[in-house]
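# Examining the three-dimensional arrangement
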Amino acid sequence: MAIKLNKREKIGVAAAAAAIVIFLVLQVLVFPLFEKNAQLSRTLATRQQEREQILQLQADYRKTAEKAEQAQRYLKTRQRGFTLFSFLETLAGQTGVKSHIAYMRPTTTTLKDSPYRLSMVEMKLEEITMAQLLTYLHGIETSRDMISIKRLSVSKGEQKADLINTVFQVETVEM
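Let me begin by describing the structure that accompanies this report. What you are looking at is a predicted structure, and each value in this text was computed from that prediction instead of being measured. (Residues numbered from 1 in each chain as written. Predicted model: local features only at pLDDT ≥ 70, side-chain atom pairs only at ≥ 80, totals over all residues. Heavy atoms only, no water.)

Attention now moves to the pattern of salt bridges. Applying the stated rule across the entire model yields 6 salt bridges. Residues Arg151 and Glu122 are paired through a salt bridge, measuring 3.2 Å at the closest nitrogen-oxygen approach. Of this pair, Arg151 sits in strand 3 (residues 147-156) while Glu122 sits in strand 2 (residues 117-128), placing them 29 residues apart in sequence. A residue is classified by how much of its surface remains accessible, and Arg151, at 46% relative accessible area, is partly exposed. Relative accessible area serves as the criterion here: at 18%, Glu122 is assigned to the buried category. The salt bridge involving Lys124 is made with Glu126; its shortest N-O contact spans 3.5 Å. According to the relative accessible area criterion, Glu126 is partly exposed, its value standing at 33%. Among the ionic contacts, a cluster of salt bridges with common partners joins Arg105, Glu122 and Arg151. (Salt bridge = Lys/Arg side-chain N within 4 Å of Asp/Glu carboxyl O. Helix = DSSP H or I, 4+ residues; strand = E, 2+ residues; numbered from the N terminus. Buried < 20%, exposed > 50% of the residue type's maximum accessible area, 1.4 Å probe, protein only.)

Read these as geometric descriptors, not functional statements.
In C-alpha coordinates form, the structure reads like this:
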(Lines give C-alpha, C1' and ligand atoms only; values in the text may rest on other atoms or scores of the structure.)
Protein backbone atom coordinates (compact mmCIF):
# COMPACT_ATOMS: atom_id res chain seq x y z
CA MET A 1 0.00 0.00 0.00
CA ALA A 2 1.74 3.01 -1.28
CA ILE A 3 0.89 6.39 0.07
CA LYS A 4 0.40 8.98 -2.53
CA LEU A 5 1.65 12.40 -1.46
CA ASN A 6 1.28 15.53 -3.41
CA LYS A 7 4.24 17.78 -4.12
CA ARG A 8 3.58 20.02 -1.15
CA GLU A 9 3.42 17.09 1.27
CA LYS A 10 6.61 15.60 -0.19
CA ILE A 11 8.43 18.90 0.43
CA GLY A 12 7.12 18.94 4.01
CA VAL A 13 8.21 15.34 4.66
CA ALA A 14 11.62 16.06 3.10
CA ALA A 15 12.01 19.19 5.21
CA ALA A 16 11.05 17.24 8.36
CA ALA A 17 13.50 14.45 7.47
CA ALA A 18 16.21 17.03 6.81
CA ALA A 19 15.46 18.73 10.15
CA ILE A 20 15.69 15.37 11.96
CA VAL A 21 19.00 14.55 10.23
CA ILE A 22 20.38 18.02 11.06
CA PHE A 23 19.18 17.66 14.67
CA LEU A 24 20.83 14.23 14.98
CA VAL A 25 24.10 15.48 13.44
CA LEU A 26 24.10 18.42 15.86
CA GLN A 27 23.34 16.20 18.88
CA VAL A 28 25.79 13.44 17.97
CA LEU A 29 28.70 15.37 16.44
CA VAL A 30 28.66 19.16 16.80
CA PHE A 31 27.43 19.72 20.39
CA PRO A 32 29.80 17.10 21.89
CA LEU A 33 32.71 18.76 20.05
CA PHE A 34 31.77 22.17 21.48
CA GLU A 35 31.42 20.67 24.97
CA LYS A 36 34.78 18.90 24.66
CA ASN A 37 36.36 22.15 23.48
CA ALA A 38 34.90 24.04 26.46
CA GLN A 39 36.09 21.32 28.84
CA LEU A 40 39.59 21.44 27.36
CA SER A 41 39.61 25.24 27.70
CA ARG A 42 38.66 24.96 31.38
CA THR A 43 41.32 22.29 31.94
CA LEU A 44 43.91 24.45 30.19
CA ALA A 45 43.03 27.46 32.35
CA THR A 46 43.29 25.32 35.49
CA ARG A 47 46.65 23.91 34.42
CA GLN A 48 47.94 27.42 33.69
CA GLN A 49 46.94 28.54 37.19
CA GLU A 50 48.63 25.47 38.66
CA ARG A 51 51.76 26.21 36.64
CA GLU A 52 51.82 29.81 37.90
CA GLN A 53 51.45 28.55 41.47
CA ILE A 54 54.28 26.06 40.94
CA LEU A 55 56.51 28.79 39.52
CA GLN A 56 55.69 31.04 42.50
CA LEU A 57 56.42 28.22 44.95
CA GLN A 58 59.66 27.51 43.11
CA ALA A 59 60.70 31.16 43.39
CA ASP A 60 59.77 31.19 47.10
CA TYR A 61 61.76 28.01 47.65
CA ARG A 62 64.81 29.47 45.93
CA LYS A 63 64.63 32.63 48.05
CA THR A 64 64.29 30.56 51.21
CA ALA A 65 67.17 28.29 50.17
CA GLU A 66 69.35 31.35 49.44
CA LYS A 67 68.50 32.82 52.86
CA ALA A 68 69.30 29.51 54.55
CA GLU A 69 72.61 29.32 52.69
CA GLN A 70 73.42 32.90 53.66
CA ALA A 71 72.54 32.11 57.28
CA GLN A 72 74.88 29.11 57.17
CA ARG A 73 77.68 31.33 55.84
CA TYR A 74 77.08 33.92 58.55
CA LEU A 75 77.10 31.26 61.25
CA LYS A 76 80.35 29.82 59.92
CA THR A 77 82.05 33.24 59.78
CA ARG A 78 80.93 34.20 63.28
CA GLN A 79 83.71 34.60 65.83
CA ARG A 80 84.60 31.50 67.77
CA GLY A 81 83.01 31.52 71.22
CA PHE A 82 80.33 34.02 70.16
CA THR A 83 77.57 34.45 72.71
CA LEU A 84 74.59 36.74 72.46
CA PHE A 85 75.03 37.94 76.02
CA SER A 86 78.63 39.09 75.49
CA PHE A 87 77.73 40.67 72.13
CA LEU A 88 74.96 42.74 73.72
CA GLU A 89 77.18 43.74 76.62
CA THR A 90 80.00 44.81 74.29
CA LEU A 91 77.59 46.75 72.07
CA ALA A 92 76.14 48.46 75.17
CA GLY A 93 79.64 49.64 76.05
CA GLN A 94 80.26 50.89 72.51
CA THR A 95 76.97 52.79 72.35
CA GLY A 96 77.16 54.27 75.85
CA VAL A 97 74.20 52.51 77.43
CA LYS A 98 76.10 49.97 79.56
CA SER A 99 75.63 52.00 82.75
CA HIS A 100 71.85 52.06 82.11
CA ILE A 101 71.41 48.27 82.03
CA ALA A 102 69.00 47.26 84.80
CA TYR A 103 69.24 43.55 83.99
CA MET A 104 70.12 41.02 81.32
CA ARG A 105 68.48 37.57 81.51
CA PRO A 106 69.90 35.01 79.11
CA THR A 107 68.10 31.79 78.17
CA THR A 108 69.03 29.05 75.74
CA THR A 109 66.74 26.52 74.08
CA THR A 110 68.02 23.51 72.17
CA LEU A 111 66.27 23.20 68.82
CA LYS A 112 64.78 19.76 68.25
CA ASP A 113 66.65 17.52 65.77
CA SER A 114 69.17 20.26 65.05
CA PRO A 115 72.77 21.06 65.95
CA TYR A 116 71.67 24.62 66.74
CA ARG A 117 70.23 26.25 69.80
CA LEU A 118 68.16 29.41 70.19
CA SER A 119 69.82 31.93 72.44
CA MET A 120 67.67 34.73 73.87
CA VAL A 121 68.42 37.62 76.18
CA GLU A 122 65.80 39.77 77.86
CA MET A 123 67.26 43.14 78.67
CA LYS A 124 66.08 46.26 80.47
CA LEU A 125 67.58 49.69 79.91
CA GLU A 126 66.58 52.52 82.25
CA GLU A 127 66.68 56.30 81.87
CA ILE A 128 68.10 56.51 78.34
CA THR A 129 67.32 58.84 75.48
CA MET A 130 65.47 57.78 72.37
CA ALA A 131 68.65 58.43 70.36
CA GLN A 132 70.64 56.07 72.60
CA LEU A 133 67.98 53.39 72.22
CA LEU A 134 67.88 53.76 68.44
CA THR A 135 71.67 53.59 68.20
CA TYR A 136 71.74 50.43 70.30
CA LEU A 137 68.88 48.77 68.40
CA HIS A 138 70.48 49.71 65.08
CA GLY A 139 73.70 48.04 66.21
CA ILE A 140 71.76 44.87 67.00
CA GLU A 141 69.72 44.75 63.79
CA THR A 142 72.61 45.54 61.43
CA SER A 143 74.94 42.99 62.96
CA ARG A 144 76.08 40.24 60.59
CA ASP A 145 75.65 37.78 63.45
CA MET A 146 71.98 37.10 62.61
CA ILE A 147 70.58 38.77 65.69
CA SER A 148 67.01 40.02 65.78
CA ILE A 149 64.78 41.85 68.20
CA LYS A 150 61.83 39.69 69.08
CA ARG A 151 59.89 41.99 71.38
CA LEU A 152 60.22 45.61 72.48
CA SER A 153 58.43 47.65 75.11
CA VAL A 154 59.13 51.34 75.73
CA SER A 155 57.82 53.47 78.61
CA LYS A 156 58.46 56.95 79.99
CA GLY A 157 61.30 57.40 82.41
CA GLU A 158 60.40 57.82 86.05
CA GLN A 159 62.72 60.71 86.90
CA LYS A 160 62.97 62.80 83.71
CA ALA A 161 60.22 63.18 81.11
CA ASP A 162 62.63 63.11 78.14
CA LEU A 163 64.17 59.78 79.18
CA ILE A 164 62.69 56.35 78.56
CA ASN A 165 62.83 52.83 79.95
CA THR A 166 62.77 49.85 77.64
CA VAL A 167 62.53 46.10 77.95
CA PHE A 168 63.26 43.96 74.91
CA GLN A 169 64.11 40.43 73.89
CA VAL A 170 66.90 39.70 71.46
CA GLU A 171 67.48 36.29 69.90
CA THR A 172 69.88 34.45 67.64
CA VAL A 173 70.77 30.96 66.59
CA GLU A 174 74.03 29.51 67.93
CA MET A 175 75.96 26.35 67.18
